[in-house]
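# Analysis of the macromolecular model
One-letter residues, chain by chain:
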Amino acid sequence: MNSLVDKYNIPGPRYTSYPTVPYWNEADFTADLWKKSVIKSFSESNSGEGISIYIHLPFCEALCTFCACHKRITKQHSVEVPYLESVLKEWKLYLELFDEKPKLKELHLGGGTPTFFSPENLKTLLQGIFDTVEIAEEQEFSFEGHPNNTTREHLQTLFDLGFNRVSFGVQDYDPKVQKAINRIQPFENVKNVTEWAREIGYKGISHDLVFGLPHQTWEATEFTIRKTLELKPDRLAFYSYAHVPWVKGVGQRGFDESDLPSGDEKRRLYEDGKKLLEELGYIEIGMDHFSLEHDDLYQSLTQKKLHRNFMGYTSSKTQLMVGLGMSAISDSWYAFAQNAKTVEEYQKIVEEGEIPVFRGHILDEEDLVIRKHILNLMCQLETSWDLQTSFPEIENAIEKLKEMESDGLVEIFDNQIKITEKGRAFTRNVAMVFDLRMMRNKPETRIFSMTI
């Protein structure tokens, strides 16, 4: 395995979209084209599956130095109301595009720290959206909670509004690691919020763990996993730390490169962590995710309904996902669009009565074909194609896959490939073989984290 790590541990995307953001064709993107794609997608899908909304709530009271998210660090809670008013104004701009009431199937609050906002202000925001939509029968409403500031009132307020899933960022319980990433978070805090959520009635509780953090050892990772299992969350994200200190504003300066585990050490953290999780009853879902058998994520995997988008893995799919808030990314299936990246610019554009997108990509026919292949690989660990309608470079892709086949990572059939159990750790590498936009325009500088 070590030689495979050396061979395949290269920079690569996480494929929450295709094309990936660095390869968007921004020159041909316009706000008008984006709106047309939203109208088309809404008309095709609203009466059936409904739509999803992602709301980016960017504020945090402290900077976690492992974080690559778009956020604003402040202790001034006076920012809450003006920001949420802008989000509601942005939503009203989208409502003007729709010819019927939206059916809301999925809603996710991400950040930043959604629980930076008071329960009262979150209720005002959500009620402002719910007053304009029809809520689907089997809705999936979820939010990310910081164990240090999520209160029982947060959990009860959101549950009463229809939220049924919550994800708590744990990362690691080792004090040395927590100090390095500026995330001091006692186990007791995580225990409290997890138990409160269960008592209130949340059907899905998830914990996020990260491997590859500074000073992390297998002993520390094993301790974190075993402490996590005392609380038995329904699902787990066991992420590879994305070290991208060259990206402006990510704040990854709280440690030196020498403090990070080597590629082989990091691979061991994942392999041994995965083995321990499976011994304790968790099943690996797609890439970096695990769940217990009763969880919707596992059920969607067995029913081949697992989906992946900018929110990560979801147990169901909607064609249209509207992203609200600073830096939020929307997906109409036919196009992607990202909002302005600073709070001030975002609020200014919304106040001017414009949807605040500043860049995006309109998918062409080839993009749509490749997107399906990469989604299949990320969600089902396999994909197939019609040899009469396959994209021109399919033969080149198969040639590259043959080397992976000889390494035991994939199995190749006449018009199908499957990622093997051994190859699961290299799923991103397999998907990269199909990434025509990256193949045609190799980056001159490093823009992605390492795949392993």
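Given the structure is predicted, the values throughout are model-derived calculations rather than measurements.

Quick notes on the rules
- Residues numbered from 1 in each chain as written.
- Predicted model: local features only at pLDDT ≥ 70, side-chain atom pairs only at ≥ 80, totals over all residues.
- Heavy atoms only, no water.
- Buried < 20%, exposed > 50% of the residue type's maximum accessible area, 1.4 Å probe, protein only.
- Helix = DSSP H or I, 4+ residues; strand = E, 2+ residues; numbered from the N terminus.
- Pairing = 2+ DSSP bridges.
- Domains from an automatic or database assignment.
- Contact = heavy atoms within 4.5 Å.
- Buried area = accessible area lost by both parts, 1.4 Å probe.
- Axes fitted to C-alpha atoms, helices over the stretch in contact; angles between N-to-C directions.
- Salt bridge = Lys/Arg side-chain N within 4 Å of Asp/Glu carboxyl O.

## What about the pairing of strand β1 (residues 51-57)?
- The element β1 is extensively covered by neighbouring structure, given that 7 of its 7 residues are classed as buried.
- Residues of β1 alternate between two faces, with I51, I53, I55 and L57 on one and S52, Y54 and H56 on the opposite face, all of them buried.
- Bridging between β1 and strand β4 (residues 103-111) involves 7 bridges; their strand directions are parallel. The partner of L57 across the bridge, within β4, is G111.

## Structural notes on the domain arrangement of the chain
- Along its sequence, the chain is carved into domain 1 (17-362) and domain 2 (365-439).
- Averaged C-alpha coordinates put domain 1 and domain 2 at centres separated by 27 Å.
- Contacts between domain 1 and domain 2 engage 24 residues on the former and 20 residues on the latter.
- Surface buried jointly by domain 1 and domain 2 totals about 2,000 Å² across both partners, of which 55% is contributed by carbon and sulfur atoms.

## Focus on the sheet that holds strand β19 (residues 416-419)
- The sheet built from 3 strands is open, its strands ordered β17-β19-β18 with antiparallel pairing. Both outer strands of the open sheet, β17 (382-384) and β18 (410-412), are each paired with one neighbouring strand and no more. Strand-to-strand, the axes of this sheet are offset by a mean angle of 10°, without reference to chain direction.
- Pairing between β18 and β19: 3 bridges, direction antiparallel. When the bridges of β19 are listed, V410 appears paired with I419.
- Helix α12 (residues 365-380) contacts β17 and β19 of the sheet and is inclined by roughly 150° relative to β17.

## Considerations on the pattern of salt bridges
- Going through the model one piece at a time under the given rule, you end up with 25 salt bridges.
- Measuring nitrogen to oxygen at the nearest pair gives 3.2 Å for the salt bridge that ties K191 to E195. Here K191 pairs with E195, and both are found in helix α7 (residues 187-200), just 4 residues apart, close to one helical turn.
- You can call K191 partly exposed: its relative accessible area is 26%.
- Since its relative accessible area comes to 31%, E195 is described here as partly exposed.
- The partner of E421 in a salt bridge is K274, with the nearest N and O atoms 2.8 Å apart. With E421 in the loop between β19 and α14 (427-433) and K274 in helix α9 (residues 263-279), the pair connects residues that are 147 residues apart, well separated along the chain.
- Given the relative accessible area of 8%, K274 is considered buried.

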